[in-house]
Amino acid sequence: MKFMKLGSRPDTFYTAESVSNMSFLLFFLCRTISSEVSSDLIIQVKGTRYLLHKFPLLSKCLRLQRLCSESYESSDSPQHQIVQLPDFPGGVEAFELCAKFCYGITITLSAYNIATSRCAAEYLQMTEDVEKGNLIYKLEVFLNSCILNGWKDSIVTLQTTKALPLWSEELAITSRCIEAIASKVLSHPSKVSLSHSHSRRVRDDVSSWNGTESLRHKSTSKGWWAEDLADLSIDLYWRTMIAIKSGGKTPSNLIGDALKIYASRWLPNIRKNVIVKRESESDSDSDSASELTSKHRLLLESIVSLLPAEKGAVSCSFLLKLLKAANILNASASSKVELATRVGLQLEEATVNDLLIRSVSNTNDMVYDVDLVMIILEQFMLQENINFEFQESRRSSSASHSSKLKVAKLVDRYLQEVARDANLPLSKFIALAETIPEFARLDHDDLYRAIDIYLKAHPELNKSERKRLCRILDCKKLSMEACMHAAQNELLPLRVVVQVLFFEQARAAASGGKVSDMPSNLKALLTAHGIDPSKHKAPLSTTTSIHADDNWSVSGFKTPKSTRNPTLRMKLAEDDLDENVVPRDEIGRTSRFKGLLAFPTQPKRMFSKLWATNKSATEKN
């Protein structure tokens, strides 16, 4: 580790060992009274008093000259003049360094004390006007020629400016360090001087910093600088990253990687901290937790402001982690919207676990923040629609369609998770499901599972609410396995079960297969509802065709001898009566599937074939 020695002789470099052997000289000169040197000046720096000889100090310090002149006129004791320096920058250590220089004693400079030394010298006005080759000049030479040329020395010096922010800003130490760091990031790694005067950690000294070779090897990777910059406090890090981004040479993905490293360093265990804050009973603990939360909030909002504008610069998973933290820390609305918008741009990359954002609202007891996910979905659909309107190629159209298919699967699986929440309102569940356009769901199996889970978690739903829920389900898009499950699902409205079986038999007929008699599961279901399935044995004709625009209604349910089937008609008519009292949902929309659950108003032969009783067989009975 190298130090710079300044004194009356030309500048040379000494090792730490040789410098430590001379440290007693400073103590002797500055803290004791030598019998050989008359002391005629008392200087007090933050509680520490120094008895010193006036001439060496005053010959180099213009400020002390003025203060001694003023104290001499007002002093009652001409033997010892007293000078108070209560606001001395850098404290006792910085003053001793300046005093040592004045007495011609060796001083050592490094990245750790150059900033405080420069501020102290400025305070004492140790300029060239007072004496040629004064301390300020020599410190500036050392700062510009040595410190700012080294990568790690620049970072350490920048960190030390936090102790004296105003002085460092006024003397441009902070800005010069930031410019030096940014220029090195924008340069080729091989051109960067990785100086030895920064000992980042003890383990680094032992394992990683055994020579220039290991340091040079570290610099060969493209993001070699991100780990080192992660040591900076957020305000200095933000300014440094702005300088790097303004250079325009650093790829956006490297900026994103650096932000991810910084966030992982400074935003750990956010949820744990917040839980401690909420459960704490002590006022002092609560204040401390509140201060920590505010610090983390500022840090997170600063990271969000640094996110590159380019899509894909950071992963969707990382964006959602930031969004979760923003939700917990009660970050600004603008930060949340910014994150939600960015997540919406690349939502197809997300997983269900990424979207499970815990609710921290005091107005409801929901487990997950569904409203935030709703905002993300709206942003996704908005961006997809914009891309569709301005797309220039068939390839972009295909990519947009593929993204919607992936997001549809993601939303249905997300619904399966949040459906278990007993406090999730029906309106929010339906609104989430309906954000996905119909064409994006190639099948409705995952949606059916979500509906089934919601029905089990909310047994208090009445018939009308269950019918509202099932309107979002398209029975024609259910697989055979899902149809078999739905046919035996007692939680579904009867009309949905009948519709499922109808389309399943129609599918079998369309494929040319033999349509069997009424399935046993439907018989059991009808029996449970007080309907005799033995009176409905006629199979569906294999010549029957199903059209997507066929609508169902009880008025069109016309079959021979229909008066002999009053029970089923009463059940279906009862369902139709319920539809008249179903309220419009909270977002002001009627179900898009309302027509799907109604019978046609005009008689259709296929329905006669489905439910008709064989007239001749009946007459024989």
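Scroll up to find the structure this text is about.
Cut-offs applied
- Residues numbered from 1 in each chain as written.
- Predicted model: local features only at pLDDT ≥ 70, side-chain atom pairs only at ≥ 80, totals over all residues.
- Heavy atoms only, no water.
- Axes fitted to C-alpha atoms, helices over the stretch in contact; angles between N-to-C directions.
- Helix = DSSP H or I, 4+ residues; strand = E, 2+ residues; numbered from the N terminus.
- Left-handed = near helix turned anticlockwise from the far one by under 90°.
- Contact = heavy atoms within 4.5 Å.
- Nonpolar A, V, L, I, M, F, W, Y, C, P; charged D, E, K, R; others polar.
- Salt bridge = Lys/Arg side-chain N within 4 Å of Asp/Glu carboxyl O.
- Buried < 20%, exposed > 50% of the residue type's maximum accessible area, 1.4 Å probe, protein only.
- Pairing = 2+ DSSP bridges.
- Phe/Tyr/Trp six-rings, centres within 6.5 Å; stacked < 30°, edge-to-face > 60°.
- Lys NZ or Arg CZ within 6 Å of the ring centre and 35° of its normal.
- Polar contact = N/O pair within 3.5 Å; in protein donor to acceptor, adjacent residues only side chain to side chain.
- Arc of directions from axis to C-beta.

### What to know about the packing of helix α26 (residues 480-487) against helix α27 (residues 494-510)
So, step 1. Two elements in contact, α26 and α27, have axes whose closest approach is 9 Å; the angle formed by their N-to-C orientations is 145°. As for the relative orientation of α26 and α27, their crossing is left-handed in sense. Listed contacts from α27 to Met480, Cys483, Ala486 and Ala487 of α26 are Val497, Val500, Leu501, Glu504 and Arg507.
So, step 2. Among the residues making up the contact of α26 with α27, the classes are represented as 7 nonpolar, no polar and 2 charged.

### Quick notes on the pattern of salt bridges
So, step 1. Tallied over the entire structure, the rule returns 21 salt bridges.
So, step 2. Two residues, Asp446 and Arg449, come together in a salt bridge whose shortest N-O distance is 2.8 Å. Taken together, the residues Asp446 and Arg449, both in helix α24 (residues 445-457) and 3 residues apart, mark about one turn of the helix.
So, step 3. Here Asp446 falls in the buried class, since its relative accessible area comes to 8%.
So, step 4. Overlapping salt bridges, with partners in common, bring together Lys409, Arg413, Asp443, Asp446 and Arg449 in one network.

### Some thoughts on the sheet that holds strand β5 (residues 81-84)
So, step 1. Within the open sheet, the 3 strands sit side by side as β4-β3-β5. Their pairing is mixed. Looking at which strands have only one partner, the edges of the open sheet turn out to be β4 (48-52) and β5. Ignoring which end each strand starts from, the neighbouring axes of this sheet average 20° apart.
So, step 2. This element, helix α5 (residues 91-102), spans β3 (41-45) and β4 of the sheet and lies at about 10° to β4.

### Examining the packing of aromatic side chains
So, step 1. One pass over the structure, following the stated rule, counts 9 aromatic pairs.
So, step 2. Joined through ring pairs, the aromatic side chains of Tyr50, Phe88, Phe95, Tyr123 and Trp167 make up one cluster.
So, step 3. Over the ring of Phe503 we find Lys476; its NZ or CZ atom is 5.3 Å from the centre of that ring.

### Some thoughts on the pairing of β4
So, step 1. Across the two faces of β4 the burial differs, with Thr48, Tyr50 and Leu52 buried and Arg49 and Leu51 not buried at all.
So, step 2. By the bridge criterion, 5 bridges tie β3 to β4 in an arrangement that is antiparallel. Along β4, the bridge assignment pairs Gln44 with Arg49.
So, step 3. Linking β3 to β4, which pair antiparallel, is a turn of 2 residues; within it Lys46 sits at a positive phi near 50°.

### Some points on the side chain of Lys60
So, step 1. With respect to the helices and strands, Lys60 occurs in the loop between α3 (54-58) and α4 (62-74).
So, step 2. Looking at Lys60, the relative accessible area reads 13%, which means it is buried.
So, step 3. A polar atom in the side chain of Lys60 sits 3.3 Å from the side chain of Glu131.
So, step 4. Those residues within four positions of Lys60 in sequence are excluded, and the remaining contacts are Phe101, Cys102, Gln125, Met126, Val130, Glu131 and Asn134.

### Considering α26
So, step 1. For α26, the full list of buried residues reads Ala482, Cys483, Ala486 and Ala487. Taken end-on, α26 shows its buried residues confined to a sector of 135°, consistent with a single buried face. In α26, the exposed residues that point more than 90 degrees away from the buried face are Met480 and Glu481.

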